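Results of the structural survey
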Amino acid sequence: MTEVPYRFEPTATAAELHDRFDDLEPGAETDETVTVAGRLMLRRVQGKLAFGQLQDSTGRVQLFCPAQVTERFDEFTELNLGDWIGATGEVMKTRKGELSVKVREWVLLAATRRQFPDKWHGMSDVDTRYRQRYVDLWVTEEARRAFEARSKTLRAMRRALEGRGFIEVETPVLQSIPGGALARPFVSHHNTLDMELYLRIAIELHLKRLVVAGLEKVFEIGRVFRNEGIGPRWNPEFTMLELYQAYADYEDMMRLTEELLSEVAAEVCGTTKLTYGDRPLDLTPPWRRASLTELVAEHAGVEVDVNMPVDELRTIAKGLDVHVEDDWGPGKLVLEIYEKTTEGELWGPVFVTDYPQEVSPLARAHRSKPGYVERFEAIIAGRELANAFSELTDPDEQRVRFEEQARLKAAGDEEAMLVDEDYLRALEYGLPPTGGLGVGVDRFVMLLADAHNIRDVILFPTLRPEQPS
């Protein structure tokens, strides 16, 4: 068996060849020699002539292999689909107009020992696609496009924020106290320190510490982890953009959100007018703004308010077939009615504003609506895409909220928060008026790529253990 080389140096990519030579006339030759490399995704033999389709990370180009020109012609005809090869030869176009490299020399770079799926049909088994992404990306064009869109989205987000004066930071993934969201954490153990640690459920509290430290515009794009269900919109680990801006409130965050997401959509897709699931979706600012209770009245036909008697809210919820728990307060009941009757009906984009204080322990009290906080969620295509607050800056009020959360946790609520004494100490040094925003990056990429399962935009999603065959 011929030993494969330790390295190989292509001189051109498929895309570069198409950019330079697509205008060649059929049958034309160039006298220009190039070296290309990639996987052999198609091969056919016609007597003393063989054709191959070479695919690299930029696209595909044909290999044209006459027996009298191509060395080891018979070996070339025995290659398997999926084999990695390098090839050197002249750039030309066949008489049928196919841009090609007329192969003079070639070398096997890696042999595939498993049967590669037929490139033209892709992988039909969805579970196999997710488990074997290393094959899926070669043979499923829409998968490759989705992850190219994801990469462009992250680059565009960073550029847009840096252009507005934000700086990017990194904060701990392992935390001694999980906080920043209502969610059940993953628990781990540090042997040397003999202490429990938690995978972060949000990035929020460390970023606000940095605003206290004088970093007035700060953001992080990073993984967060929630020990919860799996579904078309949920994966236990996912990517969040979180940012915090001193001297801002949730109105500023609304403007930033619609500007940022529309700019990124225009850069990635070439337009802010998208199609998602065959329905038009226009991200062009300004987006609609409406309170949570106004939207419930529109879509469920009922008036709800956190200042109504709890028994009345329970009766309304049951009349709408919304499940309720005995210990839920008015804020939780209003939120549950909204989520079960209204959120999924909002195509948007729409900023749903003014959430109950009971379910928003890190947001600042609304300046004119008792019982509510200055919080919004951006809803697009029936799902939450972003969540933002006028941040709670008063350490005394934050302690009261944390202690209420701790009581809920002690009573069995696994999603409730704990009292974070270090965060409270940071607030005691002074947090200026601050606006905060979190954006679900995976869900945003789903919109841009017209993908309908979060697993289609996460390279290696969490899956059940594979069953032995």
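Everything discussed here concerns the structure shown above.
Here we summarise the structure given alongside this text. (Residues numbered from 1 in each chain as written. Predicted model: local features only at pLDDT ≥ 70, side-chain atom pairs only at ≥ 80, totals over all residues. Heavy atoms only, no water.)

1. Some words on helix H13 (residues 441-449)
The α-helix advances 3.6 residues per turn, and as a result positions three or four apart in sequence lie on the same side. Of all 9 residues making up H13, 8 are buried, and the element is well covered by its neighbours. Of the positions making up H13, those classed as buried are Val441, Asp442, Arg443, Phe444, Val445, Met446, Leu447 and Leu448. Immediately beyond the C-terminal end of H13, within one or two residues, lies Asp450, with a positive phi of roughly 55°. (Buried < 20%, exposed > 50% of the residue type's maximum accessible area, 1.4 Å probe, protein only. Helix = DSSP H or I, 4+ residues; strand = E, 2+ residues; numbered from the N terminus.)

2. Focus on the packing of aromatic side chains
Under the criterion given, the structure shown has 8 aromatic pairs. Measuring from ring centre to ring centre gives 5.3 Å for Trp84 and Trp138, while their planes differ by 90°; the resulting arrangement is edge-to-face. One end of the pair, Trp84, is in strand E4 (residues 84-93); the other, Trp138, is in helix H4 (residues 133-139), and 54 residues separate them in sequence. Given a relative accessible area of 31%, Trp84 falls into the partly exposed group. By relative accessible area, which is 12% here, Trp138 ends up buried. (Phe/Tyr/Trp six-rings, centres within 6.5 Å; stacked < 30°, edge-to-face > 60°.)

3. Some details on the sheet that holds strand E9 (residues 195-199)
Backbone hydrogen bonds are what pair the strands of a sheet, in a parallel or an antiparallel way. Ordered in space as E7-E9-E8, the 3 strands form an open sheet in which the pairing is antiparallel. Whereas interior strands pair on both sides, the edge strands pair on one side only; in this sheet they are strand E7 (174-175) and strand E8 (187-190). Across 2 bridges, E7 lies against E9 in antiparallel orientation. When the bridges of E9 are listed, Leu174 appears paired with Leu199. (Pairing = 2+ DSSP bridges.)

4. Quick look at a negative patch on the surface
Side chains of Glu228, Glu325, Asp326, Asp327, Asp413 and Glu415 sit close together on the surface and give a patch of like negative charge. Judged by relative accessible area, which is 36%, Glu325 ranks as partly exposed. (Patch = residues over 30% accessible without salt bridge, like charges linked within 9 Å, V, L, I, M, F, W, Y side chains within 5 Å. Areas by Shrake-Rupley, 256 points an atom, 1.4 Å probe, with all protein chains shown as cover. Salt bridge = Lys/Arg side-chain N within 4 Å of Asp/Glu carboxyl O. Lys, Arg positive; Asp, Glu negative; His and termini not counted. Charge placed at Lys NZ, Arg CZ, Asp CG, Glu CD.)

5. A closer look at the side chain of Asp442
Among the secondary structure elements, Asp442 is positioned in helix H13. By relative accessible area, Asp442 is classed as buried at 1%. Beyond its immediate stretch of four places on either side in the chain, Asp442 contacts Arg150, Phe238, Thr239, Ile454, Val457 and Ile458. (Contact = heavy atoms within 4.5 Å.)

6. Section: the sheet that holds strand E1 (residues 29-46)
Taken in spatial order, the 5 strands of this closed barrel run E1-E2-E3-E5-E4, and their pairing is mixed. Across the sheet, the mean angle separating the axes of adjacent strands is 50° when strand polarity is ignored. Here strand E2 (residues 49-56) runs beside strand E3 (residues 59-66); their pairing, made up of 8 bridges, is antiparallel. Looking at E3, one finds that Leu49 is bridged to Pro66. (Axes fitted to C-alpha atoms, helices over the stretch in contact; angles between N-to-C directions.)

7. Points about the pairing of E4
With 9 of 10 residues buried, E4 is to be regarded as a mostly interior element. Looking at chain direction, E1 and E4 are connected through 8 bridges and run antiparallel. Its bridge partner being in E4, Val34 is matched across the sheet by Gly89. Judged from the 10 bridges that link them, E4 and strand E5 (residues 99-110) form a sheet pairing that is antiparallel.

8. So, the packing of helix H9 (residues 310-319) against helix H10 (residues 330-341)
One can describe the packing of H9 onto H10 by two numbers: an axis separation of 10 Å at closest approach and a directional angle of 20°. Relative to H10, the element H9 lies roughly parallel. H9 and H10 meet at a crossing whose hand is left-handed. Residues Val310, Leu313, Arg314, Ile316 and Ala317 of H9 pack against Pro330, Leu333, Val334 and Ile337 of H10. (Parallel < 35°, antiparallel > 145°, perpendicular 65-115°, else oblique. Left-handed = near helix turned anticlockwise from the far one by under 90°.)

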